[in-house]
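Residues per chain are reported as follows:
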Amino acid sequence: MKSTRITHLLVLLLLAITWGSSFILMKRGLRDGSDQPVLRPEQVAALRLGIAGLVLLPVSIRAFRKVHRADWKYLAVVGLIGSGLPAILFTISQQYLDSSIAGILNALTPLFTLFVGIIVFKRVVMPKQVMGVLIGLAGAICLVSLKGFGDSDNMIYSLLIVLATLCYGISVNTISAKLRHISPLQITALSLLIAGIPWSLYLSTTDVAEIIQVNPHGWTSLAAVTTLAVFGTCMANLLYFWLTQQTSPLFASSVTYLMPLVAVGWGVFDNEKLTFMHLICGVIILFGVWMVNRK
């Protein structure tokens, strides 16, 4: 039992490092080192999901006939809501928000995991968990409003990340409640295939190939997005879904305890500006998450 718990914690740590590095990779897909635009947000999202779906295509082909017809609607929820929608929400927001701020806001995932579990899946909740949700939301509101409530752009793009964390909450609860009988690898492959097909079709209508070839930083951006697809999407989703099935939605989503530390570390390395108040708001969010998950 103890060795199993240690395995879960080690996987959680690996997932935190992998997912926490996703924000800087998205940033490098969007902009070069001089902060000049390279790829557009929808192109980064489409490349990310298209490459991820292609990498796992052999698994998808083998798993296609093994999945029951009733499971496809839940796989579609995981693919389109859990991967497809957050991919574009994060890239749009990171045109204007630092990757470290995006990483801190992403810590709201366990709060929405609990919220969706209560409202949709009728999970039992303790009063302290409700208090944790309220504290976490207060921290997020504080973080969003640091530039002033009059800064509507900052508010909107921050709220896009909040919406993405809600999508994660829907996805992880769906896996726990409806897809426990399917292996994490099959869930990862099939859900990314579902998300990748429409994005790949869209990508074929854009000038992404020309940008990569003509822009001096085009190939560097492609390398960042490819790394994001293979590690930040394929591997991270596999680890996340495995943890969800082996433990619980709340334990798996508690990876966001550690992700902000990784994201902030990358942000500092990339000369992003963080104030003391940013860190205070991040601590408030993490404290709320801790209350939600505390036994």
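Before going into details, it helps to say that this report is about the structure given with it. For clarity, every value in this text was computed on a predicted model and none was experimentally measured. (Residues numbered from 1 in each chain as written. Predicted model: local features only at pLDDT ≥ 70, side-chain atom pairs only at ≥ 80, totals over all residues. Heavy atoms only, no water.)

With that out of the way, let us pick up the overall build of the chain. Summing up its helical and strand segments, the chain has 15 helices and zero strands in all. Compactness check: the chain gives a C-alpha radius of gyration of 18 Å against a globular reference of 19 Å for 295 residues, within 12% of the reference. A principal-axis box enclosing the C-alpha atoms of the chain has dimensions of 55 × 55 × 35 Å. In the chain, buried positions account for 54% of the 295 residues. Looking at the chain alone, contacts between residues at least 24 apart form 89% of all its contacts between residues at least 6 apart. (Helix = DSSP H or I, 4+ residues; strand = E, 2+ residues; numbered from the N terminus. Rg over C-alpha atoms; globule rule 2.2 N^0.38 Å. Buried < 20%, exposed > 50% of the residue type's maximum accessible area, 1.4 Å probe, protein only. Contact = heavy atoms within 4.5 Å.)

A separate point is empty space enclosed by the protein. Tallied over the full model, the rule gives two cavities of 30 Å³ or more. Looking at the largest cavity, it is lined by 14 residues, and the ones nearest its centre are Trp19, Gly82, Ser83, Tyr168 and Asn237. Of all the secondary structure elements, the ones that give two or more residues to the lining of the largest cavity are helix H3 (41–55), helix H5 (72–93), helix H9 (152–178) and helix H12 (218–246). Broken down by element, the lining of the largest cavity gets its largest block of residues, five residues, from H12. Its volume calculated, the second largest cavity comes out at about 120 Å³. (1 Å grid on protein atoms, 1.4 Å probe; cavity = no way out; pocket = protein on both sides within 12 Å on 5 of 7 lines; lining within 4 Å. Points joined across faces, edges and corners; volume = space filled by probe spheres on them.)

Within the secondary structure, phenylalanine 112 sits in helix H7 (residues 109–119). Separated by 26 residues in the primary sequence, phenylalanine 112 and proline 86 place their C-alpha atoms 14 Å from one another. Once residues within four sequence positions are removed from consideration, phenylalanine 112 is found in contact with Leu137, Val162, Thr165, Leu166 and Gly169.

Applying the stated criterion across every chain yields a total of three salt bridges. Taking the shortest distance from any N to any O, the salt bridge between aspartate 35 and arginine 31 comes out at 2.5 Å. Residue classification places aspartate 35 among the partly exposed positions, given a relative accessible area of 45%. With relative accessibility at 11%, the residue arginine 31 sits in the buried group. Residues aspartate 207 and arginine 40 are paired through a salt bridge, measuring 3.2 Å at the closest nitrogen-oxygen approach. Placement of the pair is aspartate 207 in the loop between helix H10 (184–203) and helix H11 (208–214) and arginine 40 in the loop between helix H2 (22–30) and H3, with a sequence separation of 167 residues. Here the residues in one salt-bridge network are Arg40, Glu42 and Asp207, joined through shared partners. (Salt bridge = Lys/Arg side-chain N within 4 Å of Asp/Glu carboxyl O.)

What follows is about unusual backbone geometry. Backbone geometry places aspartate 35, a non-glycine residue, at a positive phi of 70°. Positionally, aspartate 35 belongs in the loop between H2 and H3.

Glancing now at the side chain of threonine 109. Structurally, threonine 109 can be placed in helix H7. At a separation of 2.9 Å, a polar atom in the side chain of threonine 109 contacts the main-chain carbonyl oxygen of asparagine 106. Apart from residues lying up to four places away in sequence, threonine 109 is in contact with Thr165, Tyr168, Tyr240, Ser253 and Thr256. (Polar contact = N/O pair within 3.5 Å; in protein donor to acceptor, adjacent residues only side chain to side chain.)

So, about the packing of H3 against H5. Each pair of packed helices can be described by the angle between their axes along with the distance between the axes. Between H3 and H5, the least distance of the axes is 8 Å, while the angle of their chain directions is 145°. You can see that H3 and H5 cross each other, and the crossing is right-handed. On H5, the residues that touch Pro41, Glu42, Val44, Ala45, Arg48 and Leu49 of H3 are Ser83, Gly84, Ala87, Ile88, Thr91 and Ile92. (Axes fitted to C-alpha atoms, helices over the stretch in contact; angles between N-to-C directions. Left-handed = near helix turned anticlockwise from the far one by under 90°.)

Checked against the element boundaries, serine 254 lands in the loop between helix H13 (249–253) and helix H14 (259–269). The buried category is assigned to serine 254, whose relative accessible area is 4%. Distance in space between the C-alpha atoms of serine 254 and tryptophan 290 is 8.2 Å, their sequence separation being 36 residues.

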